[in-house]
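Residue-level structural notes
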Protein chains: 2
Amino acid sequence: MGNVPYDVIIVGAGPAGLTAGLYAGRYRLKTLVVEKMMVGGQIMLSSTIENFPGFPGGIPTQDLIDRMKQQLDGLGVEIKNVEAASVASVAASRPRVYRVSTPEGDFESRSIIVSTGAHWKRLGVPGEEKLIGRGVSFCGTCDGPLFRNKEVCVIGGGDKAIEEAIFLTKYASKVMVIHRRNSLRATEILQEQAKANPKISFILDSVVEAVIGENRVEGLKLRHVHTNLASAVSCQGVFIFIGIQPSTEFLAAVVKMDEAGFIIIDTEKKTSMPGIFACGDCTEKHLYQVITACAEGAEAAHSAHNYLLHNGT
Amino acid sequence: MGNVPYDVIIVGAGPAGLTAGLYAGRYRLKTLVVEKMMVGGQIMLSSTIENFPGFPGGIPTQDLIDRMKQQLDGLGVEIKNVEAASVASVAASRPRVYRVSTPEGDFESRSIIVSTGAHWKRLGVPGEEKLIGRGVSFCGTCDGPLFRNKEVCVIGGGDKAIEEAIFLTKYASKVMVIHRRNSLRATEILQEQAKANPKISFILDSVVEAVIGENRVEGLKLRHVHTNLASAVSCQGVFIFIGIQPSTEFLAAVVKMDEAGFIIIDTEKKTSMPGIFACGDCTEKHLYQVITACAEGAEAAHSAHNYLLHNGT
């Protein structure tokens, strides 16, 4: 197999993929990282990370990602800005070689680490799709400044929704958090901060039925989950954080996934296909955090290294 | 249970325990961390950490630990410098309360996170025990400067042994790496660095039979594992890195462990005892790294928080 150009191709350059790259580089594996968007992945939609060990007071996300990327320098790890359209076994005659197909050509390797992360789920209600970029947003950090002195709604009750609600008060005059349950899921310290913020109000036990507006968001139609009563709120922006959807469509029928599309892995980050490993937010697991994604990247690289030792030429 | 002073007691303040503390504090759990030695734990025996994501060029271990500790400031997490002698359920009438006994008194909590780490294994050969501190060492960073222009042996072939061998060349005139197998286990980049270093030589397929010396280390008796031939090397120091032993004796009969004493946990870091979680080097797992210890600490705190939500007053 001396003609296989890479030992491992890492698909996705968020914290999981970058840490996998760091470890793969230190294991001296010939490593290619492919990333369809910008290096950093989904977390680039956050401005600051407060709970990554080693950074008291938090660190701007861009800085953390730049620092992780710098660690790959000098290790011979290649990074290409290109989308992986598919991953497949090359042929029955070369069962241990994988091909990653991209618009810029195919790349072959002896193993694969999938770290494609996830993206934010849509509500799936009328008006949402057509008003994306015209008031509907999945990124407070990106779009918050467009809503200076305007009123916005944040949909969701988890950490991300509450973090974004707090962030949006820097710009918006009023932030309404709309959540379908009667209590938030977010970490207590975030809930306290949000509840203490005079710009933030809460509309609980309520779901969004439609986004109102012709050319720009003008408001939301809501329904109370217990009373079933309909209501409406007026707003110029709506930020949607109701959970994540793994970016794994390109792997359909290649590795086992759960119903939502999260890749099923064992404790060594092995997928159902020998030689393909997965880590980070695209996998089925308990806790979706930057620190856990990094650790899983290290574990996936460790397992790929072991696999290559035992499946060598 | 309003009279239980802590929601969680974290036993051990290495990277796993400190990250558990960071997350527990952000979950607003009343949290006590107890540490018998210095904050940082076993990694304080290393001078620098090169492969922690976010620190290009590496970071001095003391700095990384200081930064992690600073993150607990302002979260109301208490840290006490005291040894946990035992952990037990308080009484059949209060099955959900645990007591951590220490020389400074007992502390009660509704859950426990064990992050006591591990320490370096002894060779178990004649001369080793009596010459600890007189040439026998488990810490190059601590004791390296004592061996300026002297000859030392490093026992082991893993990452830690090779890192320490490289570090010791700053002081010693000659570093002999003695390993029982015919190839090293260490990460390739470390092997390359060691092999390129003119001060480092390798004695493979060899085990230590005895440490020679009356009041100070004078040398080692070796045996070749294939030929069975005995030999001797002269040296003034011997640094032993042949694997780790979990620091879990104080928990014997409380939670399930494997034969070596590593705590058996599930994917949520639950031990066999409800309300007791474990993370880091004291647990049975695949990869023992600072980044994985941190992630496991976050996961243990997350699971403790969930447990407390469902086992409240």
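Residues numbered from 1 in each chain as written. Chains lettered and ligands numbered in written order. Predicted model: local features only at pLDDT ≥ 70, side-chain atom pairs only at ≥ 80, totals over all residues. Heavy atoms only, no water.

**Focus: unusual backbone geometry**
Defined as follows: Segments assigned H or I by DSSP are reported as helices when at least four residues long, segments assigned E as strands when at least two residues long, and all are numbered from the N terminus. The buried label applies to any residue whose accessible area, calculated with a 1.4 Å probe on protein chains only, is under 20% of its type's maximum; exposed applies above 50%, and partly exposed to all values in between.
In this structure, Ala253(A) is a non-glycine residue whose phi angle is positive, near 75°. Looking at the secondary structure, you find Ala253(A) in the loop between β19 (244–246) and β20 (276–278). Its identity as a non-glycine residue notwithstanding, Arg28(B) has a phi of 65°, on the positive side. Residue position: Arg28(B) is located in the loop between α1 (15–26) and β2 (31–34). Overall, the relative accessible area of 33% leaves Arg28(B) in the partly exposed class.

**So, the sheet that holds strand β8 (residues 105–109) of chain B**
Residue and element names in this part refer to chain B. Convention followed: Here, a strand pair is defined by DSSP locating no fewer than two bridges between the strands. Every axis in this analysis is a line fitted to C-alpha atoms, fitted for helices over the stretch in contact. Angles between the N-to-C directions lie between 0 and 180 degrees.
Taken together, three strands build an open sheet; the order of strands is β6-β7-β8 and the sheet is antiparallel. Of all the strands in the sheet, the pair left with one neighbour each is β6 (86–91) and β8. Taking the axes of each pair of neighbouring strands and ignoring which way they run, one obtains an average angle of 35° across the sheet. Where β6 and strand β7 (residues 94–102) come together, five bridges link them in antiparallel fashion. Bridging from a neighbouring strand, Ser89 pairs with Tyr98 of β7.

**Describing the domain arrangement of chain A**
All names here are of chain A. Condition: Residue ranges labeled as domains rest on an automatic or database domain assignment. Two residues form a contact once any of their heavy atoms are found within 4.5 Å. Summed over both partners, buried area is the accessible surface (1.4 Å probe) that two parts give up on being assembled. Distance and chemistry together define a polar contact, namely a pair of N or O atoms within 3.5 Å, with one atom able to donate a hydrogen and the other to accept it when in protein, and with adjacent residues in sequence counting only for side-chain atoms on both sides.
Segmentation of chain A into domains returns domain 1 (6–119 + 244–309) and domain 2 (122–240). The straight-line distance from the C-alpha centre of domain 1 to that of domain 2 is 32 Å. Domain 1 puts four residues into the contact, and the matching count from domain 2 is eight residues. For the domain 1 and domain 2 pair, buried surface summed over both sides reaches about 430 Å², with 43% attributable to carbon and sulfur atoms. When the buried surface of domain 1 facing domain 2 is broken down by residue, Leu45, Ser46 and Ser47 rank first, second and third, together holding 79% of it. The tally of links between domain 1 and domain 2 comes to zero residue pairs in polar contact (both at pLDDT 80 or more).

**Here we look at the relation of the copies chain A and chain B**
The test is simple: Here the copies are superposed with least squares, the fitted atoms being C-alpha atoms of residues at a pLDDT of at least 70 in both.
Its rotation angle being 180°, the transformation that places chain A on chain B also includes 0.0 Å of axial translation and leaves an RMSD of 0.0 Å. These values place the two chain copies in the arrangement generated by a two-fold rotation axis. For chain A, the residue whose C-alpha comes nearest the rotation axis is Ala295(A), separated from it by 3.0 Å. Here 100% of the interface residues in chain A have copies in chain B that are interface residues too; the copies meet face to matching face.

**Considerations on the side chain of Gln289(A)**
The residue Gln289(A) is located in the loop between β20 and α6 (290–310) in this model. Look at Gln289(A) and you get buried, because its relative accessible area is 16%.

**With respect to the environment of Cys153(B)**
All names here are of chain B. With respect to the secondary-structure elements, Cys153 resides in strand β12 (residues 151–155). According to the relative accessible area criterion, Cys153 is buried, its value standing at 0%. Put simply, Cys153 and Phe202 are 49 residues apart on the chain and 9.6 Å apart in space, counted from C-alpha to C-alpha. When neighbours within four sequence positions are excluded, Cys153 is seen to be in contact with Met176, Ile178, Leu220, Val233, Cys235, Gly237, Val238 and Phe239.

**Section: the pattern of salt bridges**
Residues and elements named next belong to chain A. Quick reminder of the rule: By salt bridge we mean one thing: a side-chain nitrogen of Lys or Arg within 4 Å of a carboxyl oxygen of Asp or Glu.
In the structure shown here, the tally under the stated rule is 26 salt bridges over all chains. We note a salt bridge from Lys80 to Glu78, for which the minimum N-O separation is 3.7 Å. Taking the relative accessible area as the measure of exposure, Glu78 reaches 33% and is therefore partly exposed. Across the pair Arg223 and Glu209 runs a salt bridge, and its minimum N-O distance is 3.2 Å. Remark: Glu209 occurs in strand β15 (residues 206–212) and Arg223 occurs in strand β16 (residues 219–224); sequence separation between them is 14 residues.

**Some remarks on the packing of aromatic side chains**
As a reminder, the rule being used: Two rings belonging to Phe, Tyr or Trp (six-membered ring only in the last case) form a pair when the distance between their centres is within 6.5 Å. Interplanar angles under 30 degrees mark stacking, angles over 60 mark edge-to-face geometry, and anything in between is tilted. Consider the ring centre and the ring normal. A charge sits over the ring if Lys NZ or Arg CZ is within 6 Å of that centre and within 35 degrees of that normal.
Counted according to the given criterion, the structure contains 16 aromatic pairs over all chains. The interplanar angle of 75° and the centroid separation of 5.4 Å between the aromatic rings of Phe147(B) and Phe239(B) together place this pair among those described as edge-to-face. Highlighted residues: Phe147(B) in the loop between α3 (140–143) and β12 and Phe239(B) in strand β18 (residues 237–240), separated in sequence by 92 residues. Judged on exposure class, the residue Phe147(B) and its partner Phe239(B) are both buried. An aromatic cluster is built from Phe52(A), Phe55(A), Phe52(B) and Phe55(B), whose rings are joined through pairwise contacts. For the cation-ring pair, Lys285(A) lies above Tyr288(A), with the distance from its terminal atom to the ring centre recorded as 4.9 Å.

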